[in-house]
Amino acid sequence: MLANVKWVEGDTFIGRSASGHNVVFDTGSDSAAPSPMEMVLMSAGCCSSVDVVSILQKARQDITDVEVKLTAERAESAPRVFTKINLHFVVKGRNVSEKHLERAVSLSAEKYCSVALMLEKAVEITHSHEVIEIDAK
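Being a predicted model, the structure only gives us computed values, none of them experimental.

Trainee: Could you clarify how one ought to interpret the environment of Gly20 in this entry?
Mentor: Considering the arrangement of structural elements, one finds Gly20 in the loop between strand E2 (12-17) and strand E3 (22-26). For Gly20 and Ala33, which are 13 residues apart along the polypeptide, the C-alpha to C-alpha distance reads 19 Å.

Below you can see the structure in the form of structure tokens.
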């Protein structure tokens, strides 16, 4: 895998992936884009969400929305690494099985999400979830 990051000005940088996608990073107090640490946190959430959605779909769960709410704690002094991360999955749908959701979150955490599996070597990562039933139309 290849990528590069180029300084734009001030505290703004543009990352470019080998696949040709650009991402803006900003670390200033008036930031116009996420910081590198925010990107890491969101990457863990996206990676896990991809797994959870795929597993629930394969289990034929009638999901209409999946959101992961991420909370993180960081060390007080430099380097301000993450010390704790929680991924809270909120799944909306019709008759979504709590058991299937729990299994999907566990499989992502223990087997599939490469970002979270890499981070958990240095960070305490926890998971929680809830199902919100929506009315059939």
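So much for the structure itself; the text now carries on.
Trainee: Just checking my understanding: could you explain the sheet that holds strand E4 (residues 62-74) for this structure?
Mentor: Strand pairing within a sheet occurs via backbone hydrogen bonds; the two strands may be parallel or antiparallel. Reading across from one edge, E4-E5-E6 is the order of the 3 strands in this open sheet, with mixed pairing throughout. A single partner strand is all that each edge strand has here, and the edge strands are E4 and strand E6 (124-133). The sheet shows a mean angle of 15 degrees between the axes of neighbouring strands, taken without regard to direction. Bridge analysis of strand E5 (residues 82-94) against E6 gives 10 bridges, and the strand direction is parallel. Note on E6: the bridge partner recorded for Gly93 is Glu133. In the packing of helix H2 (residues 98-112) onto the sheet, the strands contacted are E5 and E6, and the crossing angle to E6 comes to about 155 degrees.

Trainee: Teacher, can you tell me more about the domain arrangement of the chain here?
Mentor: Reports often express the size of an interface as the amount of accessible area lost when the parts come together. The domain architecture assigned to the chain consists of domain 1 (1-30) and domain 2 (36-133). Taking only C-alpha atoms, the centre of domain 1 and the centre of domain 2 are 25 Å apart.

Trainee: Could you clarify how one ought to interpret a nonpolar patch on the surface in this entry?
Mentor: A cluster of nonpolar side chains, Val8, Ile14 and Val24, forms an exposed patch at the surface whose accessible area comes to about 200 Å². Structurally, Val8 is set in strand E1 (residues 3-9). Classification of Val8 as partly exposed rests on a relative accessible area of 43%.

Trainee: Is there a simple way to think about the sheet that holds E3 in this case?
Mentor: Ordered in space as E1-E2-E3, the 3 strands form an open sheet in which the pairing is antiparallel. The strands lining the two open edges of the sheet, one partner per strand, are E1 and E3. Across the sheet, the mean angle separating the axes of adjacent strands is 25 degrees when strand polarity is ignored. Direction of pairing for E2 relative to E3: antiparallel, over a ladder of 5 bridges. Paired with Gly15 across the bridge in E3 is Val23.

Trainee: What exactly am I supposed to notice about the packing of helix H1 (residues 36-58) against H2 here?
Mentor: The relative placement of two packed helices is expressed as an angle between their axes plus a distance between the axes. At their nearest, the axes of H1 and H2 sit 9 Å apart, and the two run at 135 degrees to each other. Considering their axes alone, H1 and H2 lie oblique with respect to each other. Helix-helix and strand crossings are classified by hand; for H1 and H2 the assignment is right-handed. On the side of H1, the interface is formed by Ser48, Asp51, Val52, Ile55 and Leu56, while H2 contributes His100, Leu101, Arg103, Ala104, Val105, Leu107, Ser108 and Tyr112. When the residues that make up the contact of H1 with H2 are grouped by side-chain class, the tally is 8 nonpolar, 3 polar and 2 charged.

Quick notes on the rules
Residues numbered from 1 in each chain as written. Predicted model: local features only at pLDDT ≥ 70, side-chain atom pairs only at ≥ 80, totals over all residues. Heavy atoms only, no water. Helix = DSSP H or I, 4+ residues; strand = E, 2+ residues; numbered from the N terminus. Pairing = 2+ DSSP bridges. Axes fitted to C-alpha atoms, helices over the stretch in contact; angles between N-to-C directions. Contact = heavy atoms within 4.5 Å. Domains from an automatic or database assignment. Patch = residues over 30% accessible without salt bridge, like charges linked within 9 Å, V, L, I, M, F, W, Y side chains within 5 Å. Areas by Shrake-Rupley, 256 points an atom, 1.4 Å probe, with all protein chains shown as cover. Salt bridge = Lys/Arg side-chain N within 4 Å of Asp/Glu carboxyl O. Buried < 20%, exposed > 50% of the residue type's maximum accessible area, 1.4 Å probe, protein only. Parallel < 35°, antiparallel > 145°, perpendicular 65-115°, else oblique. Left-handed = near helix turned anticlockwise from the far one by under 90°. Nonpolar A, V, L, I, M, F, W, Y, C, P; charged D, E, K, R; others polar.

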